[in-house]
Amino acid sequence: MKDKVLAEFKARFGADGDIRTYFAPGRVNLIGEHTDYNGGHVFPCALTIGTYAVVRLRDDKKTRMYSMNFENLGIMENNIENLKASKEADWTNYPLGMVWTFKQKGFSIDKGFDMLLFGNIPNGSGLSSSASVEVVTGVMLNDMFSCGIDNKEISLLGQYSENNYNGVNCGIMDQFAVAMGKADNAIFLDTATLEFEYAPIKLSNSKIVIACSNKKRGLGDSKYNERRNQCETALAELQKKLSIKSLGELSPEEFEANKELITDDVNRVRAKHAVYENQRTIDAVKALKANDIAKFGKLMNESHVSLRDDYEVTGIELDTLVEASWEQKGVIGSRMTGAGFGGCTVSIVENDAIDSFIENVGKTYKEKIGYAADFYVVEIGEGARRI
């Protein structure tokens, strides 16, 4: 793939100068959804699919960017001295947001650049194509301009960029998983403290299968920010009595004892999801360490039910995929992954059942929804880096 993107860059921008290539993966979250901005735990892993960037610095302040995924848009031009998110900038808002963020944080980004991107993450799938673009840009800027920061810091700058440049009030999970991924491991991350540990994923006779609903969604347009506000309102009411900084600090028992403090019924079930999902994530990692894959799968299923009923972020497409998955032989667990409202599901499926799983779930989905889903049997890969 590196040779392919390098050749395309040279065809578009010329072959001279110091040309460098970078990669940032996509991510899938195995469990712990909508907990990251609630100070809870998440359990994502980086994938071997992701975003490739080929870059060369310029002598002026101009940026010229081309995406092989959006060929119809051609080369998009901008200037690092005059950065502001806009509809016209389209996908380039993500890399430009990182340039803006690095400058905001005091790094000397004093030259423009030519950049070609290619992502083999399905667009709008919920596998974090935006975080992948942000982090690959961050790794590039750190390398090209000798900023001297590590990937953990790059992930925080990616979140800052998405929050403050692109206006999506996301938590840290996506950027962190993309930047800090490790092959064959998921990341057990406490989003309140950023303490984390790598947990080996030993699926001896099973694999992770991602089903992409092909229902497109934009995070900024979705009810993502609304859900976050509902949780913040619930937290503020709990804080009138409890000395807590986030919903992630509460056990399910503490929540049940104090839930009447939350006056709005809808806000109460939103907060319930955040608290119980956090506990499920902690329990799931314990189950994995004990080699109890069946329990891990059961917790994945419970996570989806909560996302469907309490958090209401699934929708008919994701519910159809998950409910069809639950009926298949050899499925250990299945749930929606990502922000919801479209995007993907993640399932753990026994090796000898994968083909029938894809065939049967795909058939059920197409009959009910009217168009096809795409399926990916994925491997867990490394985090963002120069290649």
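Worth saying up front: this structure is predicted, and the values here are computed from it rather than measured.

Okay, the packing of helix α6 (residues 224–238) against helix α8 (residues 265–289) next. Helix-helix packing is characterised by the crossing angle of the two axes and by the distance between the axes. Their axes nearest at 8 Å, the elements α6 and α8 cross at an angle of 95 degrees. In terms of their interaxial angle, α6 and α8 are classed as roughly perpendicular. Mapping the contact onto sequence places Arg227, Gln230, Cys231, Thr233 and Ala234 in α6 and Val266, Asn267, Arg270 and Ala271 in α8. When the residues that make up the contact of α6 with α8 are grouped by side-chain class, the tally is four nonpolar, three polar and two charged.

In this section: the nonpolar core. Grouped together as the largest cluster of nonpolar side chains are 43 residues, with contacts concentrated most on Val55, Phe102, Phe113, Met115, Val135, Met140 and Leu141. With eight residues, the single largest contributor to this core is helix α3 (residues 129–144). Dropping the residues within four chain positions of it, Phe102 is found in contact with Phe107, Ile109, Gly138, Leu141, Asn142, Cys147, Ile149 and Leu157. Counting 31 residues, the second largest nonpolar core, distinct from the first, contains Leu47, Phe188, Phe296 and Ile380.

All right, on to the sheet that holds strand β8 (residues 195–200) then. Pairing between sheet strands relies on hydrogen bonds along the backbone, with the strands arranged either parallel or antiparallel. Ordered by their spatial adjacency, three strands build an open sheet running β2-β7-β8, and the pairing between neighbours is antiparallel. Since the sheet does not close on itself, it has two edges, and those belong to β2 (41–42) and β8, each with one partner. Those strands touched by helix α5 (residues 173–180) are β2, β7 (185–190) and β8, and its axis lies near 140 degrees from that of β7.

Running from N to C, helix α10 (residues 315–326) and helix α11 (residues 354–369) point in directions that differ by 145 degrees, and their axes come no closer than 9 Å. Handedness of the α10/α11 crossing: right-handed. In this structure, α10 contributes Ile316, Glu317, Thr320, Leu321, Ala324 and Ser325 to the contact, and α11 contributes Phe357, Val361, Thr364, Tyr365, Lys368 and Ile369. In the contact of α10 with α11, the residues fall into seven nonpolar, three polar and two charged.

Further remarks concern the layout of surface pockets. Volume-wise, the second largest pocket comes out at about 180 Å³. In terms of lining residues, the second largest pocket is bounded by Asp184, Ile201, Leu203, Ser204, Ser206, Lys207, Ile208, Asn351, Val378, Glu379 and Ile380. A total of three residues in the lining of the second largest pocket trace back to one element, the largest contributor, which is strand β9 (residues 206–212). Across the lining of the second largest pocket, the residue classes tally to five nonpolar, three polar and three charged.

For the rest of this paragraph, the subject is the sheet that holds strand β6 (residues 113–119). Spatially, six strands are ordered β5-β4-β6-β3-β1-β13 in an open sheet, and the strand pairing comes out mixed. This sheet does not close on itself; its edge strands, each paired only once, are β5 (76–79) and β13 (385–386). Pairing of strand β1 (residues 20–29) with strand β3 (residues 44–57) involves nine bridges; the strand directions are antiparallel. Following the sheet pairing, Tyr22 is matched in β3 by Ala53. Packing against the sheet, helix α1 (residues 2–13) makes contact with β1, β3, β4 (62–67) and β6, and its axis sits at approximately 140 degrees to β6. On the sheet, helix α2 (residues 93–104) packs against β4, β5 and β6 and is oriented at approximately 150 degrees with respect to β4.

This part takes up the pairing of β8. Across six bridges, β7 lies against β8 in antiparallel orientation. Along β8, the bridge assignment pairs Ala186 with Ala199. The hairpin turn running from β7 into β8, its antiparallel successor, is four residues long, and Leu194 in that turn takes a positive phi close to 65 degrees.

Considering all chains together, one arrives at twelve aromatic pairs under this definition. On the basis of an interplanar angle of 40 degrees and a centroid distance of 5.0 Å, the ring pair of Phe9 and Phe13 is categorised as tilted. Taken together, the positions of Phe9 and Phe13, both in helix α1 and four residues apart, correspond to about one turn of that helix. Here Phe9 matches Phe13 in class, with each residue buried. When the centroid spacing of 5.5 Å and the interplanar angle of 65 degrees are considered together, the rings of Tyr37 and Tyr224 count as edge-to-face. Taken together, the residues Tyr37 in the loop between β1 and β2 and Tyr224 in helix α6 connect sequence positions 187 residues apart. The same class applies to Tyr37 as to Tyr224, namely buried. Sitting over the ring of Tyr160, Lys105 keeps its end group 3.9 Å from the ring centre.

With that settled, the discussion passes to the state of the cysteines. Disulfides are covalent bonds that connect the sulfur atoms of two cysteines. Counting across every chain of the model gives zero disulfides. Cys231 forms no disulfide, and the closest cysteine sulfur to it belongs to Cys170, at a distance of 15 Å. There is no disulfide at Cys344, and the cysteine sulfur nearest it, in Cys212, is 4.0 Å away.

This structure, assessed with the given rule, holds 26 salt bridges. Across the salt bridge formed by Lys259 and Glu256, the nearest N and O atoms sit 2.7 Å from each other. In this structure, the salt-bridge partner of Lys272 is Asp310, at a minimum N-O distance of 3.7 Å. Here the residue Lys272 occupies a position in helix α8, and Asp310 occupies one in the loop between α9 (293–309) and α10, the gap between them amounting to 38 residues. We classify Lys272 as partly exposed; its relative accessible area is 30%. Asp310 sits in the buried class, given a relative accessible area of 15%. Overlapping salt bridges, with partners in common, bring together Asp16, Arg56, Arg58, Asp60, Arg64 and Asp114 in one network.

Cut-offs and rules
- Residues numbered from 1 in each chain as written.
- Predicted model: local features only at pLDDT ≥ 70, side-chain atom pairs only at ≥ 80, totals over all residues.
- Heavy atoms only, no water.
- Axes fitted to C-alpha atoms, helices over the stretch in contact; angles between N-to-C directions.
- Helix = DSSP H or I, 4+ residues; strand = E, 2+ residues; numbered from the N terminus.
- Parallel < 35°, antiparallel > 145°, perpendicular 65-115°, else oblique.
- Contact = heavy atoms within 4.5 Å.
- Nonpolar A, V, L, I, M, F, W, Y, C, P; charged D, E, K, R; others polar.
- Core = buried A, V, L, I, M, F, W, Y, C linked by side-chain atoms within 4.5 Å.
- Buried < 20%, exposed > 50% of the residue type's maximum accessible area, 1.4 Å probe, protein only.
- Pairing = 2+ DSSP bridges.
- Left-handed = near helix turned anticlockwise from the far one by under 90°.
- 1 Å grid on protein atoms, 1.4 Å probe; cavity = no way out; pocket = protein on both sides within 12 Å on 5 of 7 lines; lining within 4 Å.
- Points joined across faces, edges and corners; volume = space filled by probe spheres on them.
- Phe/Tyr/Trp six-rings, centres within 6.5 Å; stacked < 30°, edge-to-face > 60°.
- Lys NZ or Arg CZ within 6 Å of the ring centre and 35° of its normal.
- Disulfide = S-S within 2.5 Å.
- Salt bridge = Lys/Arg side-chain N within 4 Å of Asp/Glu carboxyl O.

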